[in-house]
Amino acid sequence: MNLFLRLLTHGFVFLLFGCGAANAQSVSSGDITVHYSVVPTTSLTPEVARQYGLTRSASRALVNVAVRKGKPGVDAAVPSQVTVGATNLNGQRQALMMREVKEGGAIYYLGEARVSGQETLSFEIEVRIAGRAEPIRAAFRQEFFPK
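Residues numbered from 1 in each chain as written. Predicted model: local features only at pLDDT ≥ 70, side-chain atom pairs only at ≥ 80, totals over all residues. Heavy atoms only, no water.

Trainee: Quick rundown of the pairing of strand S7 (residues 99-103)? Include the residues and the values.
Mentor: One face of the sheet, then the other: side chains in a regular strand alternate in exactly this way. Two elements, S7 and strand S8 (residues 106-114), share 5 bridges in a ladder whose sense is antiparallel. Across the sheet, Glu 100 pairs through a bridge with Tyr 109, a residue of S8. If you look at the hairpin formed by S7 and S8, you'll find 2 residues sitting between the two strands, and Gly 104 has a positive phi there, around 65°. (Pairing = 2+ DSSP bridges. Helix = DSSP H or I, 4+ residues; strand = E, 2+ residues; numbered from the N terminus.)

Trainee: So what's going on with the packing of aromatic side chains? Residues and values would help.
Mentor: Under the criterion given, the structure shown has 3 aromatic pairs. Consider the rings of Phe 123 and Phe 140, whose centres lie 5.1 Å apart with planes at 15°: the pair is stacked. With Phe 123 in strand S9 (residues 119-128) and Phe 140 in strand S10 (residues 136-144), the pair connects residues that are 17 residues apart, well separated along the chain. Phe 140 matches Phe 123 in its accessibility class, with the two residues each being buried. Between Phe 123 and Phe 144, the aromatic rings sit 6.5 Å apart at their centres with planes inclined by 70°, giving edge-to-face as the arrangement. With a gap of 21 residues between them, Phe 123 in strand S9 and Phe 144 in strand S10 connect regions that are remote in the sequence. Of the two residues, Phe 123 and Phe 144, neither departs from the other in class, the shared state being buried. Site record: aromatic cluster; members linked through ring pairs are Tyr 36, Phe 123, Phe 140 and Phe 144. (Phe/Tyr/Trp six-rings, centres within 6.5 Å; stacked < 30°, edge-to-face > 60°. Buried < 20%, exposed > 50% of the residue type's maximum accessible area, 1.4 Å probe, protein only.)

Trainee: Tell me about the pairing of strand S5 (residues 81-88), and name the residues and values.
Mentor: Taken across its 8 residues, S5 has 6 buried, putting it largely inside the fold. Across 8 bridges, S5 lies against S9 in antiparallel orientation. Bridge pairing in S9 places Val 82 opposite Val 127. Pairing between S5 and strand S6 (residues 93-96): 4 bridges, direction antiparallel. Residue pairing for S6: Gly 85 is matched across the bridge by Ala 95. Linking S5 back to S6 in an antiparallel pair, the connection comprises 4 residues, with Gly 91 at a positive phi of about 85°.

Following this line, the structure appears as structure tokens:
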């Protein structure tokens with residue numbers, strides 16, 4: 001199972017238990033869809049964290065972005081330039097270092113945000129695709145609850 005599906009599965013478990021820590025969404029522009037999710041890194045198994053070079057910590061959240069072109073089921077990964085920023089309620093901003101991960105026919109962009117205890121972060125995602133003049137943008141807010 002690829003990483004995005006594993007993270008969506010983790011997100012579903014969080015939503016079932018109502019902790020609000022997982023957030024899987026998407027935004028579309030024409031035939032391009034940007035999928036994004038955020039999960040606490042503690043929700044990852046040690047094996048998954050090790051495989052992708054991620055730090056499991058109560059003070060970190062994983063941002064996962066995937067860019068797809070076409071209709072669901074027959075879509076394909078699109079190489080992109082992905083920029084993500086996160087701002088807490090005190091106005092402190094962090095630019096996430098996103099890295100590209102290729103897994104079979106999938107491409108993911110992963111980054112880790114710092115989280116301090118119970119905190120709300122506002123995320124801004126910007127995706128630039130070769131040949132498209134305008135970037136695709138998404139913004140959302142996510143609450144984190146320490147375990």
